Each structure stands twice: as C-alpha cells, then as structure tokens.
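So the chains spell out like this:
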Amino acid sequence: MVLALLVSGAVVLVLVLLGLFVFGLRRRLIQRSGGTFDCSLRWNVPENESGGKGWIYGVARYNGDRIEWFRVFSYAPRPRRLLERSAIEVLERRTPQGEEELALLSDSIVLACRHRGTRLELAMSEDALTGFLAWLEAAPPGQRVNVA
C-alpha cells in the first residue's frame with residue numbers, strides 16, 4: 001500500500017514537472033523569433049465599460065503586418081488572436097482605473113482600439129506602447145493608419 005502511494009506520488013510529480021517544462025518551452029518558442037512583448041487583452045469590450053474584469057494576460061509578437069497574441073496560461077501553439085495592422089484603429093490611451101490596477105501589471109498603459117468592428121483593449125508597458133504605436137505608423141505607403 002505504501003509502495004503504491006509512493007509510486008503514484010512520483011508519477012504525479014513527474015507529470016506536474018513535465019507540464020511546467022512544456023509550458024516554459026512554449027513561451028520560449030513564442031519569444032524565439034523576437035519582437036515579443038507582454039500584453040494583456042480584453043476582447044469585445046462594450047462602450048463605456050470600466051472595471052478589471054475580462055483581462056487576459058498574454059504575449060504579443062510582431063509578424064510582418066500583424067500582431068499575433070498568445071495567452072500566457074495555455075499550451076496552444078497557435079496565437080489566440082491575430083490583429084492586422086491595417087484594421088487596427090486606436091481610440092484612446094489611458095491609465096488603468098479602479099480594479100484594473102489589480103488585474104494588470106503595475107506599469108501598464110491601456111490602449112482602447114477597434115479591430116474590424118470589434119472593440120478591444122490592450123494593456124502594455126510604456127516602452128511596449130511606444131514600439132506598438134511606431135509599428136502602427138510604419139505601415140507601408142497606401143495603407144491607412146488610424147492612431148488617435
């Protein structure tokens with residue numbers, strides 16, 4: 001009986017360690033190509049809604065004319081959201097308010113956007129925001145860019 005408990009405990013420990021290893025490996029593979037930044041996301045946000053609910057912590061990666069957004073706490077190898085540069089319209093920039101201060105990283109700036117008619121909010125550091133806005137404005141000639 002004791003031997004069975006020790007073996008099952010060891011199996012559980014190995015599975016937990018394997019899960020953590022795969023979790024870290026996925027993040028490393030996402031960041032391998034460079035151009036990544038920590039970015040929380042709220043998708044399909046109603047107008048004039050405030051509060052800390054709905055934020056999902058993630059990692060965004062530049063890939064040509066689009067941003068690939070991955071959930072941090074996931075094993076999925078593919079991005080959860082794709083944001084195309086030509087379809088992103090920046091609506092406003094603000095600091096986290098109320099419960100958002102607890103849900104987001106301490107130095108986050110919230111950027112309200114619209115992507116193909118869907119309102120979303122991105123929260124990132126000031127440095128990441130500067131890079132993101134520069135990437136938006138660096139669109140090839142002939143593409144419209146909507147930065148407020």
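For the structure, check the block above.
In this text, all values refer to a predicted model and were calculated from it rather than measured experimentally.

Participant: What should I look at first to understand the packing of aromatic side chains in this one?
Facilitator: Two aromatic rings, taken as a pair, are described by how far apart their centres are and by the angle between their planes. What the rule picks out here adds up to 3 aromatic pairs. When the ring of Phe-37 is compared with that of Tyr-62, the centres are 5.2 Å apart and the planes differ by 40°; the resulting orientation is tilted. With Phe-37 in strand S1 (residues 36-38) and Tyr-62 in strand S3 (residues 58-63), this residue pair connects regions lying 25 residues apart in the sequence. Taken together, a centroid distance of 5.5 Å and an interplanar angle of 50° make the contact between Tyr-62 and Trp-135 tilted. Of the two residues, Tyr-62 sits in strand S3 while Trp-135 sits in helix H3 (residues 126-137), which places them 73 residues apart along the sequence. With a relative accessible area of 23%, Tyr-62 lands in the partly exposed category. According to the relative accessible area criterion, Trp-135 is buried, its value standing at 11%. A connected cluster of aromatic rings, assembled from ring pairs, spans Phe-37, Tyr-62, Phe-132 and Trp-135. The ring of Trp-43 has Arg-81 sitting right over it, with the charged end atom 4.1 Å from the ring centre.

The rules we used
- Residues numbered from 1 in each chain as written.
- Predicted model: local features only at pLDDT ≥ 70, side-chain atom pairs only at ≥ 80, totals over all residues.
- Heavy atoms only, no water.
- Phe/Tyr/Trp six-rings, centres within 6.5 Å; stacked < 30°, edge-to-face > 60°.
- Helix = DSSP H or I, 4+ residues; strand = E, 2+ residues; numbered from the N terminus.
- Buried < 20%, exposed > 50% of the residue type's maximum accessible area, 1.4 Å probe, protein only.
- Lys NZ or Arg CZ within 6 Å of the ring centre and 35° of its normal.

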